[in-house]
Amino acid sequence: MNTAVSILLRIVCGLFLFAIRAAAQSDFDRGIAAYSSGRFQESVGHFERALTNGRPSVGVLYNLGNARFRNGEVGRAIAAWRLAERAEPGRGEIRGNLELARRQVAGGAGPEWTQWVRRLPPRRWAVPAAVAAWSWAILLFVGLDRDDRAGHFRRWMNRLGAATILLLLGYSVSLAGTRSAPDAVVVGQGVAARFGPVDESSVAFPLPDGAEVRVDEVRGPWIRIVDSFGHVGWLPGSQVIQIPP
Amino acid sequence: MRHRDARCTGLRALWTCILAWGLQTVLAGATARLELDREFMEDGEVIPMRIVVEDAVPSAIPSIPNSQILVFTESLGQEQRQQILNGVSSFQVVIRYRGSLRGTGELRIPSISVPTSAGVLRTEPVSAQVLATEPRNDPVTLHLYTARDTCYLGETLACEIQIQSTLNLREATPHKMSFDGFVVGRTGPGISSQVIRDGVLVGVSASRQAVIPTKEGDLVLGPVSMEVVAEVGRRRARSLIDDFFGGGAELKRFALEAPGRRLKVLPLPTAGRPADFGGAVGRFQIEATVSRTNLNRGDAVTIRFLVRGNGSFDGLPSPRLVKAPGLQTYPGTNLFEPADPLGLTGTKVFEEAVVVDSTEVTALEFQPFSFFDPQVGRYSTARLKPIPIQVVEPEAGGEATAAAADPSKSAAPEAVRTPPQGAGGLQPLMPAAGPAISVDSAPLDSEYFGLVLLAPFVGLGLFVGFRGLRRRRNRRQAPTRRHLAEMTLRDQQAALRRAAAAGDSKAFFDALSALLRQQVSLSLGLASGASLTAVDVVDPLREQGVSEESIENLRRLFAASDAARFAPMALPDELATWLEMTERVVGELQSLTRESP
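Since the structure is predicted, the reported quantities are computational estimates derived from the model, not experimental observations.

J.: Looking at this structure, how should I read the overall build of chain A?
T.: Secondary structure assignment for chain A yields eight helices and seven strands. A buried classification covers 46% of the 245 residues belonging to chain A. Across chain A, contacts joining residues at least 24 apart in sequence account for 56% of those joining residues at least 6 apart. Element-wise, carbon and sulfur atoms account for 61% of the exposed surface of chain A, whose accessible area totals about 12200 Å².

Here it is, written out as structure tokens:
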């Protein structure tokens, strides 16, 4: 009896998941069709539903970015592309579109080095660095009492040590770069950073739709941001989309 | 081998880049220029020249090369100047020269390398006109010069007015000049200098003026007239007050006049005149920038045209957009930034507002900009490449959604533009959604993952540290010879007591013999005490401050232990007495041993 109930539950769950995926795929296809016929706003709706119904994927995020860009939502387009870029940093279409959008945003994506950090994020360094670090540490442990100064063991240990140091350096630089690179995108028109985290505060400087900023501090619904020129100001959190590192 | 060559070449190129960058950085603020006082000179003059170096110190005085006209130059030394202008401090070193002119024609001094503390600086080439010597009967004369006798209609010309005097000038009225047929342009600052002509020092005051002929044919620029007061001689002073107020000089008023210069003004040729020619005369380069390229229908953008070069900027027409349906243009402001005092070279900026009222406009195209180049006597046309734009319908409610300004979008004629790919340069959609991804923060991107990387080294460090600590502790706890000896002593004392308690006289005296020798050897710092006798130890122990009573007791104990080897039997009471004596002696020896270092 219990076995039969279990099998039945599994079938129901499987069907449910299949239905959800089918709906998401259907929304994805409808989004492409609407985009192709120039109905960008409708296309944005379909891609957003595909994102909500199914799990995020590079294709959905990328296409959503395109649809938003053609719909005039530069900031939201950049946010979608950056999320897609997180998953596949080296993909040419994503990079090309991001460059296109950033060229249209004054004070765009910040310095060039931040682009390199995005292409080689810490997770790209982490596994090789961890393997190298543990291997080197094991070799060091094994070689503690080994008198093999000129031998092969010592030579390989030195090479592995050099590689480990380089990988750890790369990981550290990438991690530090990620922490200081812009991690949020301004969305919407007429966004202005304020001197303090209250509505009554004076406007410090305007921010264009799509400007990429770094979130410095979060205080309730307000966030303190630093733009690419180093200006510091406060924004309501709803006016930016934060991109996880 | 080839790899090594390639690597060497690469490294050399890298070093060259680094050096060039460093040199450029160092030299960024330092400049050097060669200056002449006048643009028009006469044959036979000895003229002053100078090289002005700013924000650097010359390490050597460069030489000015001779030419057919400049036959002899010599350096007169250098002087330093420090000045603060508008709060900005600058440092100048002026190297003075003089040179002799022989012959007539264009004096052209090429670029000169000036070695300085900031590297080698180069001056720009300079040129001047050397004219034939005019006969002079008066000590004060007025001259009017122009660079050419022939020019084109609308061309800007520079003329120079010079007062040359062998006398000391006291006063000068402003000159009067006829400009019939010309438009007067900018006036340059007056410059005074001294030249040597036929061995006589001549003071020269020069001022420059830009003029533009407005009609063709033979025109006369000038004449120029003015009055000056000069000192013609010194009379004997009648008093000190006369001298103080300059009364000792004899003054004379001179009415000066320079004849007008005849200029042949040519009309602009009709042959080869482009249809779009708007009257620009000069040699120009143009560039256009647009404030935004991603627009909503109905948005306005600002186009800036930059016209650089030399020529007549006053009546310069603005470059234009090609008229197209959906484009409305509104002329804006213009601004001229001259690069020289007369405004012969510089940059003129035109701004134009454009409203884009159609989504079908995909690019801003520009009309050709034609100008007449008087230096070569023919027309030229500069063309700007179209700037692609993207125009979309505004959102419902008319809210502006255009992206922000993009000053980098420009249409310089020399610039090579990448054509947009697909619609507006946007890459096409992806046909498949692809595998699912996580948009949350990845653990590998977290700084806590650094702990995983550091953990093996921390573990290794802890292991090595603990091992070293343990070794140190073991080493510290390892018994020394003295410590061993003390331990043996304690054991022997215990055995002695046990034997005394048990009444075992053989064991007692064996232990006594061993204990005494061990203790004495320890007290005297000897390696072994096995062969010691009472005679051997008495004197050294006495020297160490052992009491006579203890020495006596020690002698008795040695004797007893030696005797016991042959007759070890003793009563328990005797053993207790020997034990008490032994402990007293050993106690004293041990206290002395503890006190010794």
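J.: What exactly am I supposed to notice about the interface of chain B and chain A here?
T.: When the parts of a complex come together, some accessible area is lost, and that lost area is often used as the size of the interface. Each partner contributes residues to the interface: chain B has 49 residues there, and chain A has 56 residues. Counting the surface lost from both chain B and chain A, the interface buries some 4300 Å², and carbon and sulfur atoms represent 63% of this. Where chain B packs against chain A, one counts zero salt bridges. Taken together, chain B and chain A are joined by six residue pairs in polar contact (both at pLDDT 80 or more). The set of elements that each furnish at least two residues to the side of chain B that touches chain A consists of β31 (390-392) and α3 (449-477) of chain B. Residue contributions to the side of chain B that touches chain A peak at 12 residues, all from α3 of chain B. The class makeup of the residues in the side of chain B that touches chain A is 29 nonpolar, 12 polar and eight charged.

J.: Got a minute to help me understand helix α5 (residues 505-524) of chain B in this structure?
T.: Helical periodicity: at 3.6 residues per turn, an α-helix aligns residues three or four positions apart in one direction. All names here are of chain B. Relative to the 28 Å expected for 20 residues at 1.5 Å per residue, α5 spans 28 Å between its end C-alpha atoms, a close match to the ideal helical length. Of all the 20 residues making up α5, 14 are buried; the element is thus mostly covered by neighbouring parts of the structure. The residue sitting at the N-terminus of α5 and contributing the capping side-chain oxygen is D504; that oxygen lies 3.4 Å from the backbone nitrogen of K506. Positive backbone phi, approximately 70°, marks G525, located one or two places after α5.

J.: Please explain the packing of aromatic side chains as it appears in this structure.
T.: If you walk through the whole model with that rule in mind, you get 16 aromatic pairs over all chains. Summarising the aromatic geometry, the rings of F284 of chain B and F313 of chain B are spaced 5.4 Å apart at their centres and angled 80° between planes, so their arrangement reads as edge-to-face. Taken as a pair, F284 of chain B in strand β22 (residues 282-290) and F313 of chain B in the loop between β24 (300-311) and β25 (327-338) lie far apart in primary sequence, 29 residues in all. For the pair shown, F284 of chain B and F313 of chain B are each scored as buried. An aromatic cluster is defined as three or more aromatic residues linked by ring pairs; in this entry it consists of F284, F313, F336, F369 and F371 of chain B. A cation over an aromatic ring shows up here: R159 of chain A above the ring of W156 of chain A, its NZ or CZ 4.9 Å from the ring centre.

J.: Whenever I open this one, unusual backbone geometry confuses me. Can you help?
T.: As a rule of thumb, non-glycine residues mostly have phi less than zero, and peptide bonds are mostly trans rather than cis. Here the amide bond leading from G222 of chain B into P223 of chain B is cis, since omega sits at 5°, within 30 degrees of zero. Inspection of the secondary structure puts P223 of chain B in the loop between β18 (217-221) and β19 (224-234).

J.: Honestly, the pairing of strand β4 (residues 212-219) of chain A in this entry has me stumped. Any pointers?
T.: Residue and element names in this part refer to chain A. By the bridge criterion, two bridges tie strand β1 (residues 184-186) to β4 in an arrangement that is antiparallel. When the sheet's bridge partners are listed, V185 is paired in β4 with E212. Relative to strand β5 (residues 222-226), β4 runs antiparallel, the two being bridged by five bridges. Its bridge partner lying in β5, V215 is registered against I225. Count of turn residues in the β4/β5 antiparallel hairpin: two residues, of which G220 carries a positive phi of about 65°.

J.: Just checking my understanding: could you explain a positive patch on the surface for this structure?
T.: Residues and elements named next belong to chain B. Taken together, the side chains of R470, R471, R472, R473, R475 and R476 present a region of like positive charge at the surface. Structurally, the position occupied by R473 is in helix α3. For R473, a relative accessible area of 44% gives the class partly exposed.

J.: I'm lost on the pairing of strand β16 (residues 191-197) of chain B in this one. Help?
T.: All names here are of chain B. Note that strand β3 (residues 45-54) and β16 share two bridges and pair antiparallel. Each residue of the ladder has a partner; that of V46, found in β16, is I196. In this structure, β16 lies alongside strand β17 (residues 200-213), joined through seven bridges in antiparallel fashion. Within the sheet, the bridge partner assigned to S193 lies in β17 and is V204. Counted between consecutive antiparallel strands, the loop separating β16 from β17 contains two residues, among which D198 sits at a positive phi close to 55°.

J.: I would appreciate a short explanation of the pattern of salt bridges in the present structure.
T.: When their charged atoms lie close together, side chains carrying opposite charge are able to pair. Summed over the entire model, instances satisfying the criterion amount to 36 salt bridges over all chains. Salt-bridge contacts for E48 of chain A lead to R68 of chain A; the nearest nitrogen and oxygen are separated by 2.7 Å. Of this pair, E48 of chain A sits in helix α2 (residues 40-53) while R68 of chain A is found in helix α3 (residues 58-70), placing the two residues 20 residues apart along the sequence. R33 of chain B serves as the salt-bridge partner of E54 of chain B, at 3.5 Å between the closest nitrogen and oxygen. Residue E54 of chain B is found in strand β3, and its partner R33 of chain B is found in strand β1 (residues 31-36); the two are separated by 21 residues along the sequence. The partly exposed category is assigned to R33 of chain B, whose relative accessible area is 32%. Salt bridges sharing common partners tie together R214, D216, E217, R219 and R224 of chain A.

J.: Hey, could you run me through the layout of surface pockets in this one?
T.: Empty space among the atoms becomes visible once a probe the size of a water molecule is rolled across them. All names here are of chain B. In this model, the largest pocket occupies a volume close to 1500 Å³. Forming the walls of the largest pocket are 41 residues, and the residues nearest its centre are E39, S127, R208, D340 and L344. Only β1, β6 (105-109), β9 (126-131), β12 (157-165), β17, β22 and β24 provide two or more residues apiece to the lining of the largest pocket. Tallying contributions element by element places β9 first for the lining of the largest pocket, with four residues. Its residues assigned to classes, the lining of the largest pocket comprises 17 nonpolar, 10 polar and 14 charged.

J.: Hey, could you run me through a nonpolar patch on the surface in this one?
T.: Side chains of W134, I138, F141, V142 and L144 of chain A together with V452, F463 and V464 of chain B sit close together on the surface and give an oily, nonpolar patch of about 660 Å² of accessible area. Mapped onto the nonpolar patch, the elements with two or more residues apiece are α7 (122-142) of chain A together with α3 of chain B. It is α7 of chain A that contributes the most residues to the nonpolar patch, four residues altogether.

J.: What is the right way to look at the side chain of S57 of chain A in this model?
T.: Examined against the element boundaries, S57 of chain A turns out to sit in the loop between α2 and α3. Leaving out residues up to four positions away in the same chain, S57 of chain A has contacts with A433, G434, P435, A436 and I437 of chain B.

J.: When you look at the sheet that holds strand β11 (residues 150-152) of chain B in this model, what are you seeing that I'm missing?
T.: Strands pair in a sheet through their backbones, by hydrogen bonds, and they do so in one of two ways: parallel or antiparallel. Residues and elements named next belong to chain B. Read from one edge to the other, the open sheet built from three strands follows the order β11-β21-β18, with strand pairing classed as mixed. Only two strands of the sheet have a single neighbouring strand rather than two, namely β11 and β18. Taken over all neighbouring pairs, the strand axes of this sheet differ in orientation by 40° on average, direction set aside.

J.: Please explain α7 of chain A as it appears in this structure.
T.: An ideal rise of 1.5 Å per residue puts 30 Å on 21 residues; α7 of chain A measures up with 29 Å between its terminal C-alpha atoms. Along α7 of chain A, the residues that are buried comprise P122, A126, A129, A130, A132, A133, W136 and A137 of chain A.

J.: Explain the confidence of the model for chain B to me, please; I cannot follow it from the model alone.
T.: Low pLDDT means the predicted atomic positions in that stretch should not be read closely. All names here are of chain B. In the predicted model, chain B carries a mean pLDDT of 78, and the fraction of residues at 70 or more is 84%. Mean pLDDT across the elements of chain B ranges from a minimum in helix α1 (residues 2-27), with 49, to a maximum in strand β28 (residues 369-373), with 90. Predicted confidence is poor over residues 20-28, with pLDDT under 50, and the contacts of this stretch with residues over four places away or in other chains come to five contacts. Per-residue pLDDT stays below 50 along residues 396-423; that stretch engages in 67 contacts with residues further than four places along the chain or on separate chains.

The rules we used
- Within each chain, residues carry numbers counting from 1 in the order of the written sequence.
- Just so you know, chain letters begin at A and ligand numbers begin at 1, following the order they were written in.
- Where totals are concerned, whole chains, interfaces and linings use all residues; where local detail is concerned, this predicted model gives features only for residues with pLDDT of at least 70, and gives and counts side-chain atom pairs only at 80 or more.
- No hydrogens and no water enter the side-chain calculation; it runs on all heavy atoms of the structure.
- Numbering of helices and strands runs from the N terminus; a helix is a DSSP stretch of H or I covering at least four residues, while a strand is a stretch of E covering at least two.
- The buried label goes to any residue with under 20% of its type's maximum accessible area, the exposed label to any with over 50%, and the partly exposed label to all in between, with areas taken from a 1.4 Å probe on protein chains only.
- Should any heavy atoms of two residues lie within 4.5 Å, those residues are considered in contact.
- In this description, accessible areas are obtained by the Shrake-Rupley approach with a 1.4 Å probe, and a residue is regarded as covered only by the protein chains that are shown.
- Here the buried area means the combined drop in accessible surface, using a 1.4 Å probe, for two parts upon being joined, counting both sides.
- The term salt bridge refers to a side-chain nitrogen of Lys or Arg lying within 4 Å of a carboxyl oxygen of Asp or Glu.
- In the analysis that follows, any N or O atom pair within 3.5 Å is treated as a polar contact, provided that within protein one partner can donate a hydrogen and the other can accept it, and provided that, for residues neighboring in sequence, both atoms belong to side chains.
- Residue polarity is assigned by list, with Asp, Glu, Lys and Arg as charged and Ala, Val, Leu, Ile, Met, Phe, Trp, Tyr, Cys and Pro as nonpolar; anything else, Gly included, falls into the polar class.
- Each helix should span, by expectation, one fewer than its residue count multiplied by 1.5 Å.
- Centres within 6.5 Å are what make two rings of Phe, Tyr or Trp a pair, Trp counting through its six-membered ring; a difference in plane orientation under 30 degrees is then read as stacked, over 60 as edge-to-face, and the rest as tilted.
- Distance and angle both matter: a charge sits over a ring if NZ of Lys or CZ of Arg is within 6 Å of the ring centre and within 35 degrees of the ring normal.
- For two strands to pair, DSSP has to find at least two bridges joining them.
- What goes into a patch is any residue over 30% in relative accessible area without a salt bridge, connected to like charges within 9 Å or, for nonpolar side chains (Val, Leu, Ile, Met, Phe, Trp, Tyr), within 5 Å.
- For the purpose of counting charges, residues Lys and Arg are taken to be positive, whereas Asp and Glu are taken to be negative. His and the chain ends are not included.
- By convention, charge coordinates are those of NZ in Lys, CZ in Arg, CG in Asp, or CD in Glu.
- In this analysis, the protein atoms alone were mapped onto a 1 Å grid. Cavities are point sets where a 1.4 Å probe fits without being able to get out; pockets are open sets with protein on both sides within 12 Å along at least five of seven lines; lining residues have an atom within 4 Å of a point.
- Grid points are joined across faces, edges and corners, and a volume is the space filled by probe spheres set on the points.
- Axis definition: a line fit to C-alpha positions, over the contact stretch in the case of helices; interaxial angles, taken between N-to-C directions, run 0 to 180 degrees.
- The quantity known as pLDDT measures the predictor's confidence residue by residue, on a range of 0 to 100.

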